[in-house]
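Here is how the chains run, residue by residue.
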Amino acid sequence: GESVGLHLPTLSVQEGDNSIINCAYSNSASDYFIWYKQESGKGPQFIIDIRSNMDKRQGQRVTVLLNKTVKHLSLQIAATQPGDSAVYFCAETNTGGSYIPTFGRGTSLIVHP
Amino acid sequence: NAGVTQTPKFRVLKTGQSMTLLCAQDMNHEYMYWYRQDPGMGLRLIHYSVGEGTTAKGEVPDGYNVSRLKKQNFLLGLESAAPSQTSVYFCASSYGDRLYEQYFGPGTRLTVT
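Every value quoted in this text rests on a predicted model; they were computed, and no experiment measured them. (Residues numbered from 1 in each chain as written. Chains lettered and ligands numbered in written order. Predicted model: local features only at pLDDT ≥ 70, side-chain atom pairs only at ≥ 80, totals over all residues. Heavy atoms only, no water.)

Draft legend 1. Main features of the pairing of strand 6 (residues 54–57) of chain B. Residue and element names in this part refer to chain B. Sheet topology places strand 5 (residues 43–51) next to strand 6; three bridges connect them, and they run antiparallel. Of the residues in strand 6, the one forming a bridge with G51 is T54. Connecting strand 5 to the antiparallel partner strand 6 that follows it, the hairpin turn spans two residues, and G53 within it adopts a positive phi of roughly 85°. (Pairing = 2+ DSSP bridges. Helix = DSSP H or I, 4+ residues; strand = E, 2+ residues; numbered from the N terminus.)

Take a look at the structure:
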């Protein structure tokens, strides 16, 4: 999940395992929830989004789950590969009504071969 | 398509010096953004633009100015650099109807001594 302070939460997995990255949010009025991936030394890259009227959305090897009751978002990566090693950010929109996403602090995913 | 490009990639400034970071996008996006990213932190929005000739303040605008004279370019200026502005700066762009799907540049690492 999201961290307070300078140290990112870290998730270590073995290659081939499934990964689940979690995110908690606080704004009940958020409209879209988004996941970004940032590889070392690069800019963030959009992965997938989910609208607040959905509870599940699938992409290529990724699934995002939204639980509005407990304000929880997760990103599931199937058959994790070394190339999935990165920092993953969740973001939400409609905070204050601007629709520009507000980013969380990120979770570091380390995939061991 | 080059996507989003940023110039320079690295820069070292002394306190009080000024500089301009350049961002260009070739996707005809209406919206452009400047973020800063500090260690262990998510992305924080500095300024953004909804179109040519318009700019608006984000979460952390103090000490920065921006200009968008052409649709494809978004400039970030530091008039009098301070050590607190040491950071990695990312430019991003998006379509107006999908603000949450942003395309990021590779970043500029700025150190102020």
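Further notes follow.
Draft legend 2. Quick peek at the state of the cysteines. All names here are of chain A. All chains considered together, the criterion is met by two disulfides over all chains. The partner cysteine of C23 in its disulfide is C90, sulfur to sulfur 1.8 Å. Judged by the sign of its S-S torsion, about 50°, the bond between C23 and C90 is right-handed. With C23 in strand 2 (residues 19–24) and C90 in strand 8 (residues 86–92), the pair connects residues that are 67 residues apart, well separated along the chain. (Disulfide = S-S within 2.5 Å.)

Draft legend 3. Quick look at the sheet that holds strand 7 (residues 72–77) of chain A. Residues and elements named next belong to chain A. Read across the sheet, four strands follow the order 2-7-6-5 without closing on themselves; strand pairing throughout is antiparallel. Each edge of the sheet is formed by a strand with only one pairing partner; in this case those strands are strand 2 and strand 5 (56–58). Neighbouring strand axes in the sheet, compared pairwise and without regard to direction, differ in orientation by 15° on average. In terms of strand pairing, strand 2 meets strand 7 through six bridges, oriented antiparallel. (Axes fitted to C-alpha atoms, helices over the stretch in contact; angles between N-to-C directions.)

Draft legend 4. Molecular detail of the interface of chain A and chain B. Tallying the contact residues gives 22 residues for chain A and 19 residues for chain B. Overall, the association of chain A and chain B removes approximately 1600 Å² of surface from exposure, summing both partners, and the carbon and sulfur fraction of that is 65%. Broken down residue by residue, the surface that chain A buries against chain B is led by P44, I100 and F103 of chain A, which jointly contribute 33%. Joining chain A to chain B, the criterion identifies one salt bridge. Between R98 of chain B and D49 of chain A there is a salt bridge, with the nearest N and O atoms lying 3.5 Å from each other. At the level of elements, strand 3 (32–38) and strand 4 (45–51) of chain A are the ones that each hand at least two residues to the side of chain A that touches chain B. (Contact = heavy atoms within 4.5 Å. Buried area = accessible area lost by both parts, 1.4 Å probe. Salt bridge = Lys/Arg side-chain N within 4 Å of Asp/Glu carboxyl O.)

Draft legend 5. Seen up close, the pattern of salt bridges. Within the structure shown, the criterion is met by eight salt bridges over all chains. When the shortest N-O distance is used, the salt bridge between E39 of chain A and K37 of chain A registers 3.9 Å. By relative accessible area, K37 of chain A is classed as buried at 14%. Among the salt bridges present, the one from R44 of chain B reaches D38 of chain B, with a minimum N-O distance of 2.7 Å. A residue is classified by how much of its surface remains accessible, and D38 of chain B, at 12% relative accessible area, is buried. (Buried < 20%, exposed > 50% of the residue type's maximum accessible area, 1.4 Å probe, protein only.)

Draft legend 6. Focus on the packing of aromatic side chains. According to the stated counting rule, one finds 12 aromatic pairs over all chains in the structure shown. A ring pair is formed by Y36 of chain A and F104 of chain B, whose centres lie 5.8 Å apart and whose planes are at 85°; its orientation type is edge-to-face. Taken together, the positions of Y36 of chain A in strand 3 and F104 of chain B in strand 10 (residues 103–104) put the pair across two chains. Summarising the burial analysis for this pair, Y36 of chain A and F104 of chain B share the class buried. Judged by centre distance (5.6 Å) and plane angle (40°), the ring pair of Y35 of chain B and F104 of chain B falls under tilted. Taken together, the residues span a long stretch of sequence, with Y35 of chain B in strand 4 (residues 31–37) and F104 of chain B in strand 10 at a distance of 69 residues. Classification of Y35 of chain B as buried rests on a relative accessible area of 1%. Counting every residue linked through ring pairs, the aromatic cluster contains Y36, F46 and F103 of chain A together with Y31, Y33, Y35, F90 and F104 of chain B. (Phe/Tyr/Trp six-rings, centres within 6.5 Å; stacked < 30°, edge-to-face > 60°.)

Remember that the coordinates give geometry; whether it matters functionally is a separate question.
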